[in-house]
Amino acid sequence: MEVKREGGTPEWIRAHESLTLVHGGKEVPIKMMTMARSPKSNGVIDAEIVVVKMESVAYKMGKNKLSCKILVIVEPKDINARSFHDRLGIALAGTRVDAAAVLYVPNIPGTPAESLYDGMVWPVSIPAATITQKDGDYLQKLYDEAVEKPNEFKMPRMKLITESYVKPEPAIGNNIIAEIKGRESPEKIVLLKAKLNP
């Protein structure tokens, strides 16, 4: 039996999005695998990047060095896959140091880590997205060069454009309910529930 109900979370629609690396007189598009919704997800952000290995490093650097920058957090490849709450903390780290946006580089490609942010709604007041390991490593290289040899290399910048909106009409949710009686203990009830974010 399928039951339709109105209500629930309004539907968030992702519109035009782009991420571009601006460096050495060139503009190179960077693929965003996922994008989280935030109150400031609309507009254009053009800022220098700061690349760190863990969010704890961002906290140590503080607002003075990270305010209005695009914070790139490259997850070390030698740590285990992190939980949803850990990744939520990564995005919140950018908010707490007044970064303009957060780009997260997961250490396990092809896993739910890459789609974890997609369309999620949380108390993060800046755009948060995931990018590929390949792009993350490249940004790390450019950033390290600019830090080590500032007279030779300029600090790379990125341009992030996001447009999104929430549908004004109520969302329609579909619930599929089925009952299968067991042979051994038909009087007992086992409830199975799942949540899917398409």
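Preceding this paragraph is the structure being described.
Residues numbered from 1 in each chain as written. Predicted model: local features only at pLDDT ≥ 70, side-chain atom pairs only at ≥ 80, totals over all residues. Heavy atoms only, no water.

Visitor: Can you break down the overall build of the chain residue by residue, with the values?
Guide: Within the chain, the regular secondary structure consists of three helices and 10 strands. By the burial criterion, 39% of the 198 residues in the chain qualify as buried. Across the chain, every contact between residues at least 6 apart in sequence was considered, and the portion connecting residues at least 24 apart equals 76%. Carbon and sulfur atoms form 54% of the exposed surface of the chain, whose accessible area is close to 12500 Å². (Helix = DSSP H or I, 4+ residues; strand = E, 2+ residues; numbered from the N terminus. Buried < 20%, exposed > 50% of the residue type's maximum accessible area, 1.4 Å probe, protein only. Contact = heavy atoms within 4.5 Å. Areas by Shrake-Rupley, 256 points an atom, 1.4 Å probe, with all protein chains shown as cover.)

Visitor: Could you give me a rundown of the pattern of salt bridges, with the residues and numbers involved?
Guide: A side chain of one charge can pair with a side chain of the opposite charge when the charged atoms of the two come close. If you walk through the whole model with that rule in mind, you get five salt bridges. The salt bridge partner of Lys-63 is Asp-98, with a shortest N-O separation of 4.0 Å. Linking Lys-63 in helix 1 (residues 55-66) with Asp-98 in the loop between helix 2 (84-96) and strand 7 (101-105), this pair joins segments that are 35 residues apart in sequence. Residue class for Lys-63 comes out partly exposed when judged on its relative accessible area of 46%. For Asp-98, a relative accessible area of 37% gives the class partly exposed. Close ionic contact of Glu-145 with Lys-141 constitutes a salt bridge, the shortest N to O distance being 3.0 Å. Of this pair, Glu-145 and Lys-141 both sit in helix 3 (residues 133-148), four residues apart, roughly one helical turn. Residue class for Glu-145 comes out partly exposed when judged on its relative accessible area of 21%. (Salt bridge = Lys/Arg side-chain N within 4 Å of Asp/Glu carboxyl O.)

Visitor: Quick rundown of the pairing of strand 7? Include the residues and the values.
Guide: Most of strand 7 sits out of view: five of its five residues are buried. Across five bridges, strand 6 (residues 70-74) lies against strand 7 in parallel orientation. Across the sheet, Val-74 pairs through a bridge with Val-105, a residue of strand 7. Where strand 7 meets strand 8 (residues 128-131), three bridges bridge the pair, whose relative direction is parallel. Its bridge partner lying in strand 8, Val-102 is registered against Ala-128. (Pairing = 2+ DSSP bridges.)

Visitor: I'd like a rundown of the nonpolar core, residues and numbers included.
Guide: Membership of the largest hydrophobic core comes to 37 residues, with the highest contact counts inside it found for Leu-19, Ile-49, Ile-70, Leu-71, Val-72, Leu-103 and Met-158. Among the elements that line this core, the one with the most residues is strand 5 (residues 43-52), at six residues. For Ile-70, the contacting residues outside a window of four places in its chain are Ile-45, Ala-47, Glu-48, Ile-49, Val-50, Ala-101, Leu-103 and Met-158. (Core = buried A, V, L, I, M, F, W, Y, C linked by side-chain atoms within 4.5 Å.)

Visitor: Tell me about unusual backbone geometry, residues and numbers included.
Guide: Non-glycine residue Cys-68 carries a positive phi angle of around 70°. Among the structural elements, Cys-68 can be located in the loop between helix 1 and strand 6. In this structure, Asp-98 is a non-glycine residue whose phi angle is positive, near 60°.

Visitor: A description of helix 1 should follow, citing residues and the corresponding values.
Guide: With 12 residues, helix 1 should reach 16 Å at 1.5 Å per residue; the first-to-last C-alpha distance of 12 Å falls well below that figure. Cys-68 occupies a position one or two residues after helix 1 and carries a positive phi of about 70°. (Expected span 1.5 Å × (residues − 1).)

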